[in-house]
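For reference, the chains in residue letters:
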Amino acid sequence: MARVTVEDCIEKVENRFELVLLASHRARLIAAGAPLTIDRDRDKNPVVALREIGDETITADDLKEQLIHSMQKYVEVDEPEAETVPLLSSSPAAAAVAPQSASDDASVQFDRMSEEDLLRGLENLAPPVETEDEGE
């Protein structure tokens, strides 16, 4: 039976603390039923994990990614961005903009509302109705 030492593995993983973290994570994976990449030779899981790291049958970078992923509570999912749709307005500036074809996404134009148009729009809004409870 070959003896595994930290010196055998320190060439692959330079930080001893990181080596311990990666080997213990791999030993837990082996205990959970992960397939072995080397022969066990009656060794316990931590020794097998160190031998796998030392023989480079499993890379330290892969173990590091698996360890980080296993510790994450919230995994960020990349979702496609919503399509940008120009706002439709009854202002004269909006009527001047020609409708865009659906196949021409690169030349989408957006309406810019002037400050005067915004103020006119706000003036037309009715104020909220007060109820008897709010007036007291």
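Keep in mind that this is a model prediction, so the values were computed, not measured. (Residues numbered from 1 in each chain as written. Predicted model: local features only at pLDDT ≥ 70, side-chain atom pairs only at ≥ 80, totals over all residues. Heavy atoms only, no water.)

## Some remarks on a nonpolar patch on the surface
In step 1: Judged by side-chain polarity, Met 113, Leu 118, Leu 119, Leu 122 and Leu 125 come together as a nonpolar surface patch covering roughly 510 Å² of accessible area.
In step 2: For Leu 118, the position within the fold is in helix α6 (residues 115-123).
In step 3: Its relative accessible area of 44% is what places Leu 118 among the partly exposed residues. (Patch = residues over 30% accessible without salt bridge, like charges linked within 9 Å, V, L, I, M, F, W, Y side chains within 5 Å. Areas by Shrake-Rupley, 256 points an atom, 1.4 Å probe, with all protein chains shown as cover. Salt bridge = Lys/Arg side-chain N within 4 Å of Asp/Glu carboxyl O. Helix = DSSP H or I, 4+ residues; strand = E, 2+ residues; numbered from the N terminus. Buried < 20%, exposed > 50% of the residue type's maximum accessible area, 1.4 Å probe, protein only.)

## Some words on the pattern of salt bridges
In step 1: Throughout the structure, instances matching the rule amount to six salt bridges.
In step 2: Close ionic contact of Glu 11 with Lys 12 constitutes a salt bridge, the shortest N to O distance being 3.7 Å.
In step 3: In this structure, the salt-bridge partner of Glu 52 is Arg 26, at a minimum N-O distance of 2.5 Å. Linking Glu 52 in helix α3 (residues 45-55) with Arg 26 in helix α2 (residues 16-31), this pair joins segments that are 26 residues apart in sequence. Here Glu 52 matches Arg 26 in class, with each residue buried.
In step 4: By sharing partners, the salt bridges in this structure join Asp 41, Asp 43 and Arg 51 into a single network.

## As for α3
In step 1: Of the residues making up α3, those classed as buried are Val 48, Ala 49, Arg 51, Glu 52, Ile 53 and Gly 54.
In step 2: Residues of α3 that are buried make contact with α1 (6-10), α2 and α4 (60-71).
In step 3: In the stretch just after α3, Glu 56 is the one whose phi turns positive, near 60°. (Contact = heavy atoms within 4.5 Å.)

## Structural notes on unusual backbone geometry
In step 1: Residues other than glycine seldom take positive phi values, yet Asp 41 does so here, at roughly 50°.
In step 2: Within the secondary structure, Asp 41 sits in the loop between α2 and α3.
In step 3: A relative accessible area of 43% places Asp 41 in the partly exposed class.
In step 4: At Glu 56, a residue that is not glycine, the phi angle is positive and equals roughly 60°.

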